[in-house]
Amino acid sequence: MKAKVPYAEHKRALLEQAEELMREAKSPAERRHIQRITLQEIITEAYASTAGWDEFGALLRRIQRLGYADMTHRVHVACLFVQSLPRFPERARQAFAMLEEVEGMLKRIRKSHYLRGEGMQGIAHARAVAAEAGITPPG
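Residues numbered from 1 in each chain as written. Predicted model: local features only at pLDDT ≥ 70, side-chain atom pairs only at ≥ 80, totals over all residues. Heavy atoms only, no water.

Look at helix 4 (residues 71–83) against helix 6 (residues 114–132): their axes get within 8 Å of each other, and the N-to-C directions meet at 10 degrees. The angle between helix 4 and helix 6 falls in the class roughly parallel. From helix 4, Met71, Thr72, Val75, Cys79, Val82 and Gln83 reach across to helix 6, where they touch Leu115, Gly119, Gly122, Ile123, His125, Ala126, Arg127, Val129 and Ala130. Partitioning the contact of helix 4 with helix 6 into residue classes produces nine nonpolar, five polar and one charged. (Axes fitted to C-alpha atoms, helices over the stretch in contact; angles between N-to-C directions. Helix = DSSP H or I, 4+ residues; strand = E, 2+ residues; numbered from the N terminus. Parallel < 35°, antiparallel > 145°, perpendicular 65-115°, else oblique. Contact = heavy atoms within 4.5 Å. Nonpolar A, V, L, I, M, F, W, Y, C, P; charged D, E, K, R; others polar.)

Next up, the structure:
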């Protein structure tokens, strides 16, 4: 999960690679998809490098504006947000609201679908990480 280079250097390399790929993209949809998957990697690295709210929050807002590449991306981002709450406990309401929204989406998928099971496991893990830090869903 954590690159062997500093976060800022890894982020810069990912953005350069994304720019190169976007130049080769054939449609706006392809460019948006490249941006989405690049941001998913960057926010994962920001979480792993214990980035502050200025960085993590900006990435989260950008992902929300761009949209998610797919359901696993949405689950991943929501879980990272909740797991990061020990660093930003004042964001608990927002993080748990995002997690509950994703959980509701997963519950609309048939029970036998692998995505539902994996997503629900990820959500349970994120909640456990937050609970270990003494952070529970607000009221």
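This part covers unusual backbone geometry. Positive phi values are uncommon outside glycine, yet Thr50 reaches one of about 55 degrees. Within the secondary structure, Thr50 sits in the loop between helix 2 (28–48) and helix 3 (53–66). The class for Thr50 is exposed, based on a relative accessible area of 53%. (Buried < 20%, exposed > 50% of the residue type's maximum accessible area, 1.4 Å probe, protein only.)

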